[in-house]
Amino acid sequence: MSLYLEIDRAGFLPGFIINNSPPLADFISNNDDLRGVVRCTLYPAVKLSYVALHTSFAQKILIMLLPWVVVSSVLLLMWRRMKDGLGDGTKT
């Protein structure tokens, strides 16, 4: 049994992609604005794929933790400012 038959059992998605990708790609390639939107939309996925393939496990963990540390720090600072009354202009 071929791989295509195995994938095709999952549903209509493989057939849909095979039948509709070329016309969709032609439509996108002929429209400058849409081509820019597609590039901007795919950019994060391409960068994440690059990171997944070219970093060690420890680097991947650090990359995943960094946004949480930054957001947590900003929220903590905002909370402290509001608690101390510095954010609303009531305390000088």
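Scroll up to find the structure.
Below: a short report on this structure. Since the model is a prediction, treat every value here as computed from it, not as a measurement.

### As for the overall build of the protein chain
Stage number 1. Tallying secondary structure elements over the protein chain gives 4 helices and 0 strands in all.
Stage number 2. Listed by position from the N terminus, the elements making up the protein chain come as α-α-α-α.

### Considerations on a nonpolar patch on the surface
Stage number 1. On the surface, a cluster of nonpolar side chains totalling about 540 Å² of accessible area is made up of Leu 66, Val 70, Val 71, Val 74, Leu 75 and Met 78.
Stage number 2. The exposure class assigned to Leu 75 is exposed, which follows from its relative accessible area of 52%.

### Regarding the environment of Gln 59
Stage number 1. Following the sequence through the fold, Gln 59 ends up in helix α4 (residues 57-84).
Stage number 2. Taking the relative accessible area as the measure of exposure, Gln 59 reaches 40% and is therefore partly exposed.
Stage number 3. Here the side chain of Gln 59 touches Ser 56 through a polar contact of 2.8 Å, landing on its backbone nitrogen.

### Some details on helix α2 (residues 13-29)
Stage number 1. For α2, which comprises 17 residues, the first-to-last C-alpha distance of 23 Å matches the rise-based estimate of 24 Å (1.5 Å per residue) to within 8%.
Stage number 2. At Asn 20, α2 is deflected by roughly 45°, the largest bend along its length, and proline Pro 22 occurs up to four residues later in sequence.
Stage number 3. Among the residues of α2, Pro 14, Gly 15 and Ile 28 are the ones counted as buried.

### Focus: the packing of α2 against helix α3 (residues 32-54)
Stage number 1. Where α2 meets α3, the closest approach of the two axes is 7 Å, and the angle between their N-to-C directions is 110°. Considering their axes alone, α2 and α3 lie roughly perpendicular with respect to each other. Residue-level contacts link Phe 27, Ile 28 and Ser 29 of α2 to Leu 34, Arg 35 and Val 38 of α3.
Stage number 2. Taken together, the residues that form the contact of α2 with α3 break down as 4 nonpolar, 1 polar and 1 charged.

### Looking at the pattern of salt bridges
Stage number 1. In the structure shown here, the tally under the stated rule is 1 salt bridge.
Stage number 2. A salt bridge links Asp 32 to Arg 35; its shortest N-O distance comes to 2.4 Å. Within this pair, Asp 32 and its partner Arg 35 are both found in helix α3, separated by 3 residues, close to a single helical turn.
Stage number 3. The class for Asp 32 is exposed, based on a relative accessible area of 55%.
Stage number 4. Looking at Arg 35, the relative accessible area reads 28%, which means it is partly exposed.

Cut-offs used in this document
- Residues numbered from 1 in each chain as written.
- Predicted model: local features only at pLDDT ≥ 70, side-chain atom pairs only at ≥ 80, totals over all residues.
- Heavy atoms only, no water.
- Helix = DSSP H or I, 4+ residues; strand = E, 2+ residues; numbered from the N terminus.
- Patch = residues over 30% accessible without salt bridge, like charges linked within 9 Å, V, L, I, M, F, W, Y side chains within 5 Å.
- Areas by Shrake-Rupley, 256 points an atom, 1.4 Å probe, with all protein chains shown as cover.
- Salt bridge = Lys/Arg side-chain N within 4 Å of Asp/Glu carboxyl O.
- Buried < 20%, exposed > 50% of the residue type's maximum accessible area, 1.4 Å probe, protein only.
- Polar contact = N/O pair within 3.5 Å; in protein donor to acceptor, adjacent residues only side chain to side chain.
- Expected span 1.5 Å × (residues − 1).
- Bend = angle between axes of the 7 residues up to and from the residue.
- Axes fitted to C-alpha atoms, helices over the stretch in contact; angles between N-to-C directions.
- Parallel < 35°, antiparallel > 145°, perpendicular 65-115°, else oblique.
- Contact = heavy atoms within 4.5 Å.
- Nonpolar A, V, L, I, M, F, W, Y, C, P; charged D, E, K, R; others polar.

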